[in-house]
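Architecture at a glance
Listed below, chain by chain, are the residues.
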Amino acid sequence: MSASNFLIDTNVFIETFIRRDEECYRDCLMFLQAVKSNQVSAVVAGVELAELVWVLGRTYKLRKMDVVRAVRGVMQLRGLKLTDDYDYKEALSLYEKYK
């Protein structure tokens, strides 16, 4: 992979959590490992985090604590940058507490 910047789509994260297709799962996991090791530069938009919460909870019926754990894992991925300065940690804490 080159030193290009990548905007990560929600489906990359979903695939690593749900494992719908083994080949796609491996490709997504390899890509995210490259992000984590700073081999590639990647960003994610805040709306992607919101979509991840919705899809994991509504479509795949994950428990709230599992959704929170998954999104926190994404937010803590070394090498991944968010496209804006909103406080997503606080938003996730409020989701965890009140929804």
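Above: the structure in question.
These remarks concern the structure in this document. Computed from a predicted model, the values in this text were never measured in an experiment. (Residues numbered from 1 in each chain as written. Predicted model: local features only at pLDDT ≥ 70, side-chain atom pairs only at ≥ 80, totals over all residues. Heavy atoms only, no water.)

1. Here we look at the packing of aromatic side chains
Formally: Each Phe, Tyr or Trp ring, with Trp reduced to its six-membered ring, pairs with another whose centre is within 6.5 Å; inter-plane angles below 30 degrees give stacked pairs, above 60 give edge-to-face pairs, and intermediate values give tilted ones. Numbering of helices and strands starts at the N terminus; helices are DSSP runs of H or I of at least 4 residues and strands are runs of E of at least 2. We call a residue buried when its accessible area falls under 20% of the maximum for its residue type, exposed when it is over 50%, and partly exposed in between, using a 1.4 Å probe and counting protein chains only. Criterion for a charge above a ring: Lys NZ or Arg CZ within 6 Å of the ring centre, and within 35 degrees of the ring normal.
In total, this model carries two aromatic pairs according to the counting rule given. Ring centres 5.3 Å apart and planes at 80° place the aromatic pair phenylalanine 6 and phenylalanine 31 in the edge-to-face group. Here the residue phenylalanine 6 occupies a position in strand 1 (residues 5-7), and phenylalanine 31 occupies one in helix 2 (residues 22-36), the gap between them amounting to 25 residues. Here phenylalanine 31 falls in the buried class, since its relative accessible area comes to 14%. When the ring of tyrosine 86 is compared with that of tyrosine 88, the centres are 6.2 Å apart and the planes differ by 80°; the resulting orientation is edge-to-face. Over the face of the ring belonging to tyrosine 95 we find lysine 64, whose NZ or CZ atom lies 5.8 Å from the ring centre.

2. Let's talk about unusual backbone geometry
Residue asparagine 38 is not a glycine yet carries a positive backbone phi of 60°. By the element assignment, asparagine 38 lies in the loop between helix 2 and strand 2 (41-44). For asparagine 38, a relative accessible area of 52% puts it in the exposed group. Even without glycine at this site, lysine 61 takes up a positive phi of about 55°. Within the secondary structure, lysine 61 is located in the loop between helix 3 (46-59) and helix 4 (64-75). Classification of lysine 61 as exposed rests on a relative accessible area of 64%.

3. Some remarks on the sheet that holds strand 3 (residues 80-82)
Under the convention used in this document: Strand pairing is assigned whenever DSSP identifies at least 2 bridges connecting the two strands. Axis lines are fitted to C-alpha atoms, over the contacting stretch for helices. Their N-to-C directions set the angle, which ranges from 0 to 180 degrees.
As summarised here, the arrangement of the three strands in space is 1-2-3, forming an open sheet in which the pairing is parallel. For this open sheet the edge positions go to strand 1 and strand 3, each flanked by a neighbour on one side alone. Recorded for the sheet is a direction-independent mean angle of 30° between the axes of neighbouring strands. Where strand 1 lies against strand 2, three bridges are found, and the strand directions are parallel. The partner of asparagine 5 across the bridge, within strand 2, is serine 41.

By themselves, these observations are geometric and do not establish any function.
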